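Fold and geometry: a report
In case you want the letters, here they are:
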Amino acid sequence: MKKAIVTGGLGFLGSHLVDKLLERNIEVIIIDNEVTSTVDKNFWGDKCNVFIKSIEEVDLNSKEFENTDMVFHLASIVGPVGVLKHAGDIGKNILGDNLKLRDFCIKNNSMLVDVSTSEVYGHGEALKEESQKVFRGDYKVRTEYGAAKMVAEMSLINKSIMEPKLKYHIIRPFNITGPRQRPDGGFVLPRFVIAALTGQPITVYGDGSAVRSFTDVRDICDGILRVVDDSEPNEMWNVGNPNNKMTILELAKLVNKLTEEICSKSSDITFVNPTLIHGDYFSEPVDKVPYIEKIKGRLGWQANIKIENIIRDTIEYYDNKIKKENYEFSVI
């Protein structure tokens, strides 16, 4: 039986990836500090060994981690709002975790699957894996996040020159969303869905013209595993869904339409200045559309879940959560 560590395994993307690994009968060890978890440590019963610790705190030399085949590194500060409270420490946290796991993988001859971010591209649209990286000139917190992820990637790429034992895959996901995603990092789809279900205004930042290309979390997991299964190590891969490209205002209108259709509920759409809510260091990411010809052409992979189905599944998830748990959240 293969053995995998999943950092951030109780989180949004992590929990869905753990589902997929368990389906493959892979032994799973989760490392998660529960800061942004979407499921609790008992979600899979006794099928996983869960360490409620940060990566910095966990002792990777303990016997539980022996004979690990793969490390899926998903734990990270995340979200357009979620990053703000970590300003000034993002680089230290992201790079520190990455280096610790990198060295563990070298020592144990394990594969490191580093889930990075499309934020490494800085500005631009439809970017290829080898495109130039041009970051914002204003050095806001989001820039610190993207630059830290870029340096973490560089640490793998350059270390592998000196350490041939280092084997890695770098995944750059684009606009992950779907069931279990929390709204409190500033993520737009759960904010809009919860607002429509609870009668709160759907708050669109700016004029709603920002473009996103949403990818279902389950498609992202399938893309990650396709890379692991079918590609040679030591490359980077865009994973996303260019077919789900739309503006934020179009998303708000579609959420209202589908919530009305499914639950007979909807809300007013309002426009707000996000810096008045979150402060001057908040910044919206620039428009980005994933260029996936590499993974599509070489591995035969592409995302399949349409935005309408992503929204429907997210509505169903939060409708059940609100009914069963009296779930409340301010969606501004």
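Residues numbered from 1 in each chain as written. Predicted model: local features only at pLDDT ≥ 70, side-chain atom pairs only at ≥ 80, totals over all residues. Heavy atoms only, no water.

1. Points about the sheet that holds strand β11 (residues 235-239)
Let me state the cut-off plainly: Any two strands between which DSSP finds at least two bridges are classified as paired. Numbered from the N terminus, helices here are DSSP runs of H or I no shorter than four residues, and strands are runs of E no shorter than two. Inter-axis angles, ranging from 0 to 180 degrees, are taken between N-to-C directions of lines fitted to C-alpha atoms, where helices are fitted over the stretch in contact.
Reading across the sheet, the seven strands line up as β3-β2-β1-β4-β5-β6-β11 and stay open at both edges, with parallel pairing between neighbours. Two strands lie at the open edges of the sheet, namely β3 (48-51) and β11, each paired on one side alone. Across the sheet, the mean angle from the axis of one strand to that of its neighbour is 20°, orientation sign disregarded. Direction of pairing for strand β2 (residues 27-31) relative to β3: parallel, over a ladder of four bridges. Residue pairing across strands places Ile 29 opposite Asn 49, the latter belonging to β3.

2. Re unusual backbone geometry
The condition is simple: A simple rule labels every residue: compare its accessible area, found with a 1.4 Å probe on the protein chains alone, to the largest value its type can have, and call it buried under 20%, exposed over 50%, or partly exposed in between.
The phi dihedral of Asn 109 falls on the positive side, at around 55°, and the residue is not glycine. Within the secondary structure, Asn 109 is located in the loop between α2 (90-108) and β5 (111-115). Accessibility expressed as a relative area gives 54% for Asn 109, which makes it exposed. Backbone geometry at Asn 175 places phi at a positive 45°, although glycine is not the residue there. Residue position: Asn 175 is located in the loop between β6 (167-173) and β7 (176-177).

3. Describing the environment of Val 227
For clarity, the cut-off: Should any heavy atoms of two residues lie within 4.5 Å, those residues are counted as being in contact.
Along the polypeptide, Val 227 turns up in helix α5 (residues 217-230). Remark: the alpha-carbon pair of Val 227 and Ile 171, spanning 56 residues in sequence, is separated by 8.6 Å. Residues contacting Val 227, with those up to four places away along its chain left out, are His 169, Ile 171, Trp 237, Ile 295 and Leu 299.

4. So, the packing of aromatic side chains
The cut-off we apply is this: Aromatic pairs are defined between Phe, Tyr and Trp rings, using the six-membered ring for Trp, whenever the two ring centres lie within 6.5 Å; interplanar angles under 30 degrees are classed as stacked, those over 60 as edge-to-face, and all others as tilted.
The final tally for this structure, using the stated rule, is four aromatic pairs. Geometrically, the ring pair formed by Phe 51 and Phe 65 is tilted, given 5.0 Å between the ring centres and 35° between the ring planes. Of this pair, Phe 51 sits in strand β3 while Phe 65 sits in the loop between β3 and β4 (70-73), and the two are 14 residues apart along the sequence. For the pair shown, Phe 51 and Phe 65 are each scored as buried. Both rings, one in Tyr 317 and one in Tyr 318, keep their centres 4.9 Å apart while their planes meet at 85°; by these two values the pair is edge-to-face.

5. Looking at the nonpolar core
As a reminder, the rule being used: For this analysis, a nonpolar core means a set of buried residues of the types Ala, Val, Leu, Ile, Met, Phe, Trp, Tyr and Cys, connected via side-chain atoms within 4.5 Å.
Counting 37 residues, the largest nonpolar core has Leu 13, Val 18, Leu 21, Val 28, Trp 44, Phe 72 and Ile 295 as the members making the most contacts within it. Counting residues per element, the ones that place at least two in this core are β1 (3-7), α1 (12-23), β2, β4, β5, α5, β11 and α8 (293-299). Counting residues per element, this core draws most heavily on α5, at seven residues. Not counting chain neighbours up to four residues away, the residues in contact with Leu 13 comprise Leu 74, Val 115, Ile 176, Val 217, Ile 220 and Cys 221. Judged by nonpolar contacts, the second largest core, of 27 residues, contains Val 188, Ile 202, Ile 310 and Tyr 327.

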